[in-house]
4 protein chains.
Amino acid sequence: MGRFDAIREEACAANLEIDRLGLAILTWGNASAFDPSLGVFAIKPSGLAYGELGPESMVIVDLDGAVAEGKLRPSSDTKTHLVLYRSFAGIRGVCHSHSPYAVAWAQAGRGIPCLGTTHADQTAGEIPCTPMIGPEAVARDYEEGTGELIVETFRGRKPLEAPMALVAGHGPFTWGEGAMDAVRNAAALEEIARMALLTYRIDPDAAPLPDHVMRKHFERKHGPGAYYGQPS
Amino acid sequence: MGRFDAIREEACAANLEIDRLGLAILTWGNASAFDPSLGVFAIKPSGLAYGELGPESMVIVDLDGAVAEGKLRPSSDTKTHLVLYRSFAGIRGVCHSHSPYAVAWAQAGRGIPCLGTTHADQTAGEIPCTPMIGPEAVARDYEEGTGELIVETFRGRKPLEAPMALVAGHGPFTWGEGAMDAVRNAAALEEIARMALLTYRIDPDAAPLPDHVMRKHFERKHGPGAYYGQPS
Amino acid sequence: MGRFDAIREEACAANLEIDRLGLAILTWGNASAFDPSLGVFAIKPSGLAYGELGPESMVIVDLDGAVAEGKLRPSSDTKTHLVLYRSFAGIRGVCHSHSPYAVAWAQAGRGIPCLGTTHADQTAGEIPCTPMIGPEAVARDYEEGTGELIVETFRGRKPLEAPMALVAGHGPFTWGEGAMDAVRNAAALEEIARMALLTYRIDPDAAPLPDHVMRKHFERKHGPGAYYGQPS
Amino acid sequence: MGRFDAIREEACAANLEIDRLGLAILTWGNASAFDPSLGVFAIKPSGLAYGELGPESMVIVDLDGAVAEGKLRPSSDTKTHLVLYRSFAGIRGVCHSHSPYAVAWAQAGRGIPCLGTTHADQTAGEIPCTPMIGPEAVARDYEEGTGELIVETFRGRKPLEAPMALVAGHGPFTWGEGAMDAVRNAAALEEIARMALLTYRIDPDAAPLPDHVMRKHFERKHGPGAYYGQPS
């Protein structure tokens, strides 16, 4: 078992964080941790309650979608995670939550405009929403098609500079340099989604953050001269 | 006492879950567990705080509405539970919560359209709202009349494929294959009700989920080839 | 000290319940317990954090507003409690919270229409909002004037059948047969206020609950043939 | 180390209170404690999780913005704190939170009108929102410019009588007689921001609190004859 232990533990901790941060109720939501050198990722088993999860219940899946190790059936969203790992170079964690404000934007089929610095700290520009998945993609492979929609929507963007997307009619997917990072991005997305909705309640015509402030906030955290956080 | 112990414990645990999931404040809300072989159900006593409940305080009621065992008065909503057990084949748990978003849809007298996959995972189509109960039904037997309204609203539907209803001006009733299942359906309904309200805040003209996505999500969880959850 | 111990403990427990139920942040809010046979009530000291409260810190105030026992200064709202104890026969507890939905209705200067059975379970009819207090009443005695406004608003109503009011521009006051009862009524009012706001978000023209349902719900809990709760 | 211990502990406790009161998620938000006699303040290190903070991780910064003691990089908002300490006589604590309702008003670029006594208890009048920071100020020194905007907005006001401001497109800054006081003002601001938004949901034309009530509430807490709280 030894060689999958690290991603089992990482994936388990990240899934528990979904629950702890209130990003999904009941058994909803899932996170995975990817090890590129082994070519596999560890993901939450389908339909289990968060209270029942341990590192040993994580399912190990390879990049062909086959279960490499584990007795349980993996999350029903496994193929969406798979497509993201295949397509987005450098990501090592994916999270799908069911947090209510992010889901609301997804159900409205709208991307979230950048209305303030809380948003700009995470990503410079709108958080995009995919188009609605078509009948052919659902008939072929629904979960794979969902992943392809996200990838399509990010064409031309660096995935790690904007590690979050809304899938129309569905909900948020986020990613990061690890599974825990992906879950924290899901928490940031939910808070941004909530703030944006509240802002429009106060002023339906609220303007996006001017570009000079948006770039400044994003750069101080993610740019070459970033001074947010501690030097690594 | 022995033969009612299992449903006493199941009903007690389910009632405590109403409180733990925040689906009702104070003494509001109630859940029951039904044993068809014994022809009785165990239900919360009326007006007790959640902190005071134990398996021994549950009241055992038969299908004529008579108390079969227990010193306390059963929930004032007992007859509504009774009508559902009599009318909906296969259900073994009922829950009535007072969660605020579900109540708001019920007070507005509106069913909740299926706006996304979170909803479709639970039930394919609108979550229905009954008509307002009439003066005659209130005069005859209010709680029985409430149950009959729900049954009437579900005519032609399979109760376990859509285990949730709103009663106009009142609130949500949910059911399931057990009492805990009924309470979890109440939690799912509350989250769906919240997401739907938020979606319409973002776009008052948000469209329902297209049929091909709605069917897919419902089928992957509840259809013949379901692959959500673990094989039982 | 002995003879004030019971109301000290009752008032302290009720104030801690304000905090536990999330009805006020920081030092906001206050509750008191009245003993008619002693002619005094115990009330929270002004400006203390909930974590610092014990039965010994409660201040004993008589019906002339004088401190009968206690080293701390009583709540700045003491005279409002006093007016209610003097004017509303049979009440033995008062609570003033700062819960956000109830405050919002008070700031809008609007009573809360009875939109559903959750509301009717507490009181049959609108939860009234006082008019705005005038400059003369503020100049004379602001807190006394606030109490008088509430009493004026309830002229012709039985105070224990409708144990809650909104003070325009200010917030909720509730009362009951004891201090804990008053705090629970504050929790009920907050939930009703939240449900009413959410209902109007779904349908700005939502209709009040028909009279036959409103009376039925109120009567089954508070009428002569009440069957909610346990026989006392 | 000894001489900075008091402000290290005060700043650490205040930062932990941001987390405990739910005023920011993840690593967002920061608070500092100022000692005028030493001419330095203690501030949260940048990007650390609240769970990792201890008094020893606080960074000591002097009034020229230089790190006087500490191995970690200070909060990226340090210069905004610095400008406030330099400009607002008598303040000894500053807090920057990311609480959602206050951020929403800031993102809408609007001050919060005084709609009720909860607001008037904190500050008599509107809670102001700065103009949007210009490109030149961002290019020169963004965080310093942010502080200057706040100072500019408060010209003619006593900072300790209105210890809270919104920065357009950004979020709330609050201050006080100590770091914990600043954090509690951030909690008060968030609750006021939430109540104001809810009030306008009920009545878009809700009127500000009349002056005679606003002055009365502010004076009973902060005026010369104040009777709120305990004599100090």
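All chains use their own residue numbering, which begins from 1 and follows the written sequence. Going through the entries in the order they are written, you letter the chains from A and number the ligands from 1. The predicted nature of this model means local features are confined to residues of pLDDT at least 70 and side-chain atom pairs, given and counted, to a pLDDT of 80 or more, with totals for whole chains, interfaces and linings taken over all residues. Side-chain measures were taken over the full set of non-hydrogen atoms in the model, leaving aside hydrogen atoms and water.

**Focus on the overall build of chain A**
In terms of regular secondary structure, chain A is built from seven helices and seven strands. Only runs of H or I of at least four residues qualify as helices and only runs of E of at least two qualify as strands under DSSP, and these elements are numbered from the N terminus. Order of helices (α) and strands (β) in chain A, N terminus to C terminus: α-β-β-β-β-α-β-α-α-α-β-β-α-α. This radius of gyration counts C-alpha atoms alone. The globule rule is 2.2 Å times how many residues there are, raised to the power 0.38. At 17 Å, chain A has a C-alpha radius of gyration in line with the 17 Å of a compact globule built from 232 residues. Principal axes of the C-alpha set define a box for chain A whose edges measure 50 × 45 × 35 Å. The classification of residues rests on relative accessible area computed with a 1.4 Å probe and restricted to protein chains. Under 20% of the type maximum is buried, over 50% is exposed, and intermediate values are partly exposed. Per-residue burial over chain A gives 62% buried out of 232 residues. Within chain A, residue pairs in contact and separated by at least 24 positions form 63% of the contacts whose partners lie at least 6 positions apart. For the purpose of charge, His is not counted, nor are the chain termini; Lys and Arg are scored as positive and Asp and Glu as negative. Throughout, a charge is located at the NZ atom of Lys, the CZ atom of Arg, the CG atom of Asp or the CD atom of Glu. Averaged over its 21 positive side-chain charges, chain A has a centre that lies 2 Å from the centre of its 29 negative ones. Note on contacts: a residue pair qualifies if any of its non-hydrogen atoms lie within 4.5 Å across the two residues.

**Some points on the interface of chain A and chain D**
At the junction of the two partners, chain A supplies 32 residues and chain D supplies 33 residues. By definition, the buried area sums, over both parts, the 1.4 Å-probe accessible area that each loses when the two are put together. Contact with chain D buries area across many residues of chain A, yet A:Ile202, A:His212 and A:Gln230 alone supply 21% of it, more than any other trio. Any carboxyl oxygen of Asp or Glu that lies within 4 Å of a side-chain nitrogen of Lys or Arg is treated as forming a salt bridge with it. Inspection of the region where chain A meets chain D yields three salt bridges. In this structure, D:Arg110 engages A:Asp203 in a salt bridge whose closest nitrogen and oxygen atoms are separated by 3.5 Å. N or O atoms within 3.5 Å of each other form a polar contact, as long as, within protein, one can give a hydrogen and the other can take it, and as long as residues adjacent in sequence are counted only when both atoms are side-chain atoms. Linking chain A with chain D are 19 residue pairs in polar contact (both at pLDDT 80 or more).

**Considering the layout of surface pockets**
Residue and element names in this part refer to chain D. We place a 1 Å grid over just the protein atoms. Points where a 1.4 Å probe fits but has no way out form a cavity, open points with protein on both sides within 12 Å along at least 5 of 7 lines form a pocket, and any residue with an atom within 4 Å of a point lines it. Grid points are joined across faces, edges and corners, and a volume is the space filled by probe spheres set on the points. Computed from the structure, the second largest pocket encloses a volume of approximately 890 Å³. Along the walls of the second largest pocket sit 23 residues, with Glu-177, Asp-181, Lys-221, His-222 and Tyr-228 positioned nearest its centre. Broken down by secondary-structure element, the contributors of at least two residues to the lining of the second largest pocket are helix H6 (179–202) and helix H7 (211–222).

**A closer look at the relation of the copies chain B and chain A**
Once chain B is rotated about the relating axis by 90° and shifted along it by 0.0 Å, it coincides with chain A to within an RMSD of 0.0 Å. Such a combination of rotation and displacement between the chain copies is what one expects of a four-fold axis. No C-alpha of chain B lies nearer the rotation axis than that of B:Arg201, which sits 5.8 Å from it. A different interface surface on each copy is seen, since only 3% of the contact residues of chain B are contact residues in chain A too. To line up the copies, we fit them by least squares on C-alpha atoms, keeping just the residues with pLDDT of at least 70 in both.

**Re the relation of the copies chain A and chain D**
At an RMSD of 0.0 Å, chain A and chain D line up after a rotation of 90° and a shift of 0.0 Å along the axis. Different-surface contact between copies: only 3% of interface residues of chain A are shared with the interface of chain D.

**Some thoughts on the nonpolar core**
Soluble, globular proteins show a tendency: their nonpolar side chains are buried together. Throughout this description, the term nonpolar core refers to a set of buried Ala, Val, Leu, Ile, Met, Phe, Trp, Tyr and Cys residues connected via side-chain atoms within 4.5 Å. In terms of nonpolar packing, the biggest core is built from 44 residues, with A:Trp105, A:Ile112, A:Leu166, D:Trp105, D:Ile112 and D:Leu166 touching the most fellow members. Residue assignment for this core shows that the elements contributing at least two residues are helix H3 (100–108), strand S6 (164–167) and helix H6 (179–202) of chain A, helix H6 (179–202) of chain B together with helix H3 (100–108), strand S6 (164–167) and H6 of chain D. Ranked by residue count, the leading element in this core is H6(A), at eight residues. Each residue touching A:Leu166, except ones within four places of it in the same chain, is listed here: A:Ala102, A:Trp105, A:Ala106, A:Arg110, A:Ile112, A:Ile127, A:Pro128, A:Cys129, A:Thr130, A:Gly171, A:Pro172 and A:Leu189.

**What to know about the interface of chain B and chain A**
Tallying the contact residues gives 32 residues for chain B and 33 residues for chain A. When chain B packs against chain A, the two sides together hide about 3,000 Å² of surface, and 58% of this comes from carbon and sulfur. Taken as a group, B:Ile202, B:His212 and B:Gln230 account for 21% of the area that chain B buries against chain A, more than any other trio of residues on that side. Inspection of the region where chain B meets chain A yields three salt bridges. One salt bridge in this structure joins A:Glu143 and B:Arg220, with 2.6 Å as the shortest N-O distance.

**Some thoughts on the environment of C:Arg92**
Residue and element names in this part refer to chain C. When you line up the elements, Arg-92 lands in the loop between helix H2 (78–87) and strand S5 (93–96). According to the relative accessible area criterion, Arg-92 is partly exposed, its value standing at 38%. Along the primary structure Arg-92 and Lys-79 are separated by 13 residues, whereas in three dimensions their C-alpha atoms are 15 Å apart. In this view, Arg-92 contacts Glu-10, Ser-32, Ala-33, Phe-34, Asp-35, Pro-36, Tyr-85, Gly-176, Glu-177, Gly-178 and Ala-179; residues no more than four positions away in its chain are not counted.

**Observations regarding the sheet that holds strand S1 (residues 30–35) of chain C**
Residues and elements named next belong to chain C. Pairing is antiparallel across the open sheet formed by seven strands, whose spatial order is S4-S3-S2-S1-S5-S7-S6. Both outer strands of the open sheet, strand S4 (67–69) and strand S6 (164–167), are each paired with one neighbouring strand and no more. Put simply, the sheet's adjacent strands are angled 25° from each other on average, direction ignored. Only strands that DSSP links by at least two bridges are regarded as paired with each other. Judged from the four bridges that link them, strand S2 (residues 40–43) and strand S3 (residues 59–62) form a sheet pairing that is antiparallel. Residue pairing for S3: Val-40 is matched across the bridge by Asp-62. Lines fitted to C-alpha atoms define the axes here, with helix axes fitted over just the stretch in contact, and angles between the N-to-C directions of these axes take values from 0 to 180 degrees. Here helix H1 (residues 5–20) sits on the sheet and contacts S1, S2, S3, S4 and S5; the angle it forms with S1, its principal contact strand, is near 155°.

**Here's the deal with H6(D)**
Here H6(D) spans 35 Å end to end across 24 residues, near enough to the 34 Å set by a 1.5 Å rise per residue. Burial runs high along H6(D): 20 of the 24 residues are buried. Helix span is expected to be 1.5 Å times the residue number reduced by one.

**Overview of the packing of helix H3 (residues 100–107) of chain B against helix H6 (residues 179–202) of chain C**
Relative to each other, H3(B) and H6(C) sit at 55°, their axes nearing to 8 Å. Considering the angle they form, H3(B) stands oblique to H6(C). Two packed elements cross with a definite hand, and for H3(B) against H6(C) that hand is right-handed. Across the interface between the two elements, B:Pro100, B:Tyr101, B:Val103, B:Ala104, B:Trp105 and B:Gln107 of H3(B) pack against C:Glu191, C:Arg194, C:Met195, C:Ala196, C:Leu198, C:Thr199 and C:Ile202 of H6(C). Oblique is the label for every angle not falling under 35 degrees (roughly parallel), over 145 degrees (roughly antiparallel), or within 65 to 115 degrees (roughly perpendicular). Handedness of each helix crossing follows the sense of rotation of the near helix against the far helix: counterclockwise by less than a right angle gives left-handed, clockwise gives right-handed.

**Here we look at the confidence of the model for chain A**
Confidence scores per residue from the predictor, reported as pLDDT, run from 0 to 100. Mean pLDDT for chain A: 96, with 100% of residues reaching 70 or above. Taken over the whole predicted complex, pTM reads 0.97, whereas the ipTM for its chain interfaces reads 0.96.

**Remarks on helix H5 (residues 135–153) of chain A**
For H5(A), built from 19 residues, the straight-helix expectation of 27 Å at 1.5 Å per residue is missed by more than 12%, its first-to-last C-alpha distance being only 18 Å. Within H5(A), the axis deviates most sharply at A:Asp141, by approximately 125°. Among the residues of H5(A), A:Ala137, A:Val138, A:Asp141, A:Tyr142, A:Glu143, A:Gly145, A:Thr146, A:Gly147, A:Leu149, A:Ile150 and A:Val151 are the ones counted as buried. Considering only its buried residues, H5(A) is in contact with helix H2 (78–87), S6 and strand S7 (171–176) of chain A together with helix H4 (117–120) and helix H7 (211–222) of chain B. The angle between axes fitted to the seven-residue stretch ending at a residue and the seven-residue stretch beginning at it gives the bend at that residue.

**Considering the pattern of salt bridges**
Applying the stated criterion to the full structure yields 40 salt bridges over all chains. Among the ionic pairs, B:Lys79 bridges to B:Asp141, the shortest N-O distance being 2.7 Å. With a gap of 62 residues between them, B:Lys79 in helix H2 (residues 78–87) and B:Asp141 in helix H5 (residues 135–153) connect regions that are remote in the sequence. In this structure B:Lys79 comes out as partly exposed when scored by relative accessible area, which is 33%. A salt bridge links C:Asp77 to D:Arg220, with the nearest nitrogen and oxygen atoms 3.2 Å apart. Note that C:Asp77 is positioned in the loop between S4 and H2 and D:Arg220 in helix H7, a pairing that runs across two chains. For C:Asp77, a relative accessible area of 4% translates into the label buried.

**Overview of the environment of B:Leu26**
Considering the arrangement of structural elements, one finds B:Leu26 in the loop between helix H1 (5–20) and strand S1 (30–35). When the C-alpha atoms of B:Leu26 and B:Pro36 are compared, they prove to be 31 Å apart, with ten residues separating the residues in sequence. Excluding anything up to four places from it in sequence, B:Leu26 contacts B:Tyr50, C:Arg184, C:Ala187 and C:Ala188.

**Examining the state of the cysteines**
Throughout, a disulfide means two cysteine sulfur atoms within 2.5 Å of one another. Scanning the entire structure with this criterion turns up zero disulfides over all chains. Note on B:Cys12: no disulfide assigned, nearest cysteine sulfur contributed by B:Cys95 at a separation of 14 Å.

**Structural notes on the pairing of strand S7 (residues 171–176) of chain D**
For a regular strand, the rule is simple: side chains alternate between the two faces of the sheet. Residues and elements named next belong to chain D. Burial runs high along S7: six of the six residues are buried. Two elements, strand S5 (residues 93–96) and S7, share four bridges in a ladder whose sense is antiparallel. Each residue of the ladder has a partner; that of His-96, found in S7, is Phe-173. Judged from the four bridges that link them, S6 and S7 form a sheet pairing that is antiparallel. When the sheet's bridge partners are listed, Ala-165 is paired in S7 with Phe-173. Here S6 folds back onto S7, and the loop between the two strands holds three residues, one of which, Gly-169, carries a positive phi near 75°.

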